[in-house]
Amino acid sequence: MPIRLDIKKKLSVSSERVKSVDIHPTETWALAALYSGNVTIWDYESGSNVKTFEVSELPVRCAKFITRKQWIVCASDDMRIRVYNYNTMEKIKEFEGHSDYIRYVEVHPSLPYFLTSSDDMTIKLWDWDRNFDCTQFFEGHSHYVMMVRFNPKDTNTFASASLDRSIKVWGLGSPVPHYTLEGHERGVNCIDYYPSGDKPYILSGADDRTVKIWDYQTKSIVHSLDGHSHNVCSVMFHPKLPLICSASEDGTVRLWQSTTYRAETTLNYGMERAWALAATRETTKLAIGFDEGCVVIELGSDDPVVSMDGTGKVVWAKNNEIQTTTVKGLAGAIDDEDALPDGERLPVIPRDLGACGLYP
């Protein structure tokens, strides 16, 4: 059963090659790290360039928002890490990160840390509350480390993808990996964790052109998705929608259902190779970075589907989960002293009705 997604293009801008994208959780901003050495913030509602940072003479391979500090952190091919305030554009810090190209920056969801992974085969943890000291060092891969991602269910653990064909899972506090997942036939470029609590899954994409779903408890492959005709550069479980997204050097972004693994749709914007994907749990937007620019699309609608009958029973769909509640008697009678004033939110208690196969 297809999930009937309306796909609307919100932003399409031409630029130098985009190596990394990020979406701001509250502003309508997409962050693009460019091969030219610049980092640009685009407003995907108005289509305007909000700010451009001239970071380096060399390519910037990764840039991320650190929204709780109003910063962006960038890693460029001069092996340096730079942090800027995105409101004032002031440079907060610049320091040498690794002894070879830095491939990825991953910001911790709550603690003052970020991880960097590099072609020097190491991963480093930086603490910005300690003046950006490198507080931990992780080694164990035998080739370039292409990406690192924190586990959203247990933020003391993270996974790494490497061109040594393996995925390793690590814990903060131990310099050696907990375990290794092997099964790709060529180097692994990208990984992602399942965003909610019910499945212990890691997603990976590799130069063998496949996307694999792993169960990190049994350490086995749950499913393998074929369809790309070139290296897979970025994969993600969409944090809000029941979708798996994958971007490839074949120029396409493929969307698959995350429950049935059915191929949903293939997007091709004619902008050559696709390198990077980003989304947030706050919106249904998806940002894509290509050789020739950046695209932001909206998948479906951000508005929940709701209906209420005459008795005060409300039913609504939140993604593909159906929930219900009743508002009968909640506001209190008009002459009641405890009645809620007009405009107050009603303290409703939602009840789960189950999930539907069709995406409303």
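Numbering of residues starts from 1 in every chain and runs along the sequence as written. Selection of residues for local features in this predicted model requires a pLDDT of at least 70, selection of side-chain atom pairs for listing and counting requires 80 or more, and totals for whole chains, interfaces and linings are taken over all residues. As a convention, hydrogens and water are excluded, and side-chain values are obtained from all of the structure's heavy atoms.

**Student:** Tell me about the overall build of the protein chain, and name the residues and values.
**Tutor:** By definition, any uninterrupted DSSP run of H or I lasting at least four residues is a helix, any uninterrupted run of E lasting at least two residues is a strand, and each is numbered from the N terminus. Scanning the protein chain from terminus to terminus reveals zero helices and 32 strands. The C-alpha radius of gyration computed for the protein chain amounts to 22 Å, which stays within 12% of the reference 21 Å derived for 360 residues, consistent with globular compactness. The principal-axis extents of the C-alpha atoms in the protein chain amount to approximately 70 × 45 × 45 Å. Three labels apply to residues, based on accessible area from a 1.4 Å probe with only protein chains included: buried if under 20% of the type maximum, exposed if over 50%, partly exposed otherwise in between. The buried share of the protein chain, taken over its 360 residues, is 52%. Long-range contacts, defined as pairs at least 24 residues apart, comprise 43% of the intrachain contacts of the protein chain with a sequence gap of at least 6. The globule rule is 2.2 Å times the number of residues to the power 0.38, and the radius of gyration it is compared with is taken over C-alpha atoms. Contacts are assigned to residue pairs that have any heavy atoms within 4.5 Å of one another.

**Student:** I'd love a proper account of the sheet that holds strand 21 (residues 220-225), names of residues and values included.
**Tutor:** Pairing is antiparallel across the open sheet formed by four strands, whose spatial order is 18-19-20-21. Each having just a single partner strand, strand 18 (188-193) and strand 21 make up the two edges of the open sheet. The mean angle between the axes of side-by-side strands here comes to 25 degrees, regardless of whether they run parallel or antiparallel. Here strand 19 (residues 201-206) pairs with strand 20 (residues 211-215) via five bridges, running antiparallel. Within strand 20, the position partnered with Y201 by the bridge is D215. By the convention used here, strands pair only if DSSP detects at least 2 bridges between them. Think of each axis as a best-fit line through the C-alpha atoms, taken over the contacting stretch in the case of a helix, with angles from 0 to 180 degrees between the N-to-C directions.

**Student:** Any details on the pattern of salt bridges? Residues and values, ideally.
**Tutor:** For salt bridges, the criterion is a side-chain nitrogen of Lys or Arg within 4 Å of an Asp or Glu carboxyl oxygen. Evaluation of the coordinates by the stated rule reveals 17 salt bridges. The salt bridge involving D77 is made with R61; its shortest N-O contact spans 2.8 Å. Note that D77 is positioned in the loop between strand 7 (71-76) and strand 8 (80-85) and R61 in strand 6 (residues 60-66), a separation of 16 residues in sequence. The two residues D77 and R61 agree in class, both being buried.

**Student:** I'd like a description of the pairing of strand 32 (residues 351-355), backed by residues and values.
**Tutor:** The element strand 32 is barely covered by neighbouring structure, given that only zero of its five residues are classed as buried. Pairing of strand 31 (residues 321-326) with strand 32 involves four bridges; the strand directions are antiparallel. Each residue of the ladder has a partner; that of I322, found in strand 32, is G354.

**Student:** How would you explain unusual backbone geometry if you had to name every residue and give the values?
**Tutor:** Trans peptide bonds make up the majority, and among non-glycine residues the majority have a negative phi. Of note, the phi angle at M79 is positive, near 70 degrees, even though the residue is not glycine. Positionally, M79 belongs in the loop between strand 7 and strand 8. Owing to a relative accessible area of 23%, M79 belongs among the partly exposed residues under this scheme. For R209, which is not glycine, the phi dihedral falls at a positive 75 degrees.

**Student:** Please set out the sheet that holds strand 3 (residues 29-34) residue by residue, giving values where relevant.
**Tutor:** Reading across from one edge, 2-3-4-5 is the order of the four strands in this open sheet, with antiparallel pairing throughout. The outermost strands of the open sheet, each flanked by one partner alone, are strand 2 (18-23) and strand 5 (49-54). With direction set aside, neighbouring strand axes in the sheet form an average angle of 15 degrees. In the sheet, strand 2 pairs with strand 3 via five bridges, with the strands oriented antiparallel. Residue pairing across strands places D22 opposite L31, the latter belonging to strand 3.

Any link to function would need more than the numbers given here.
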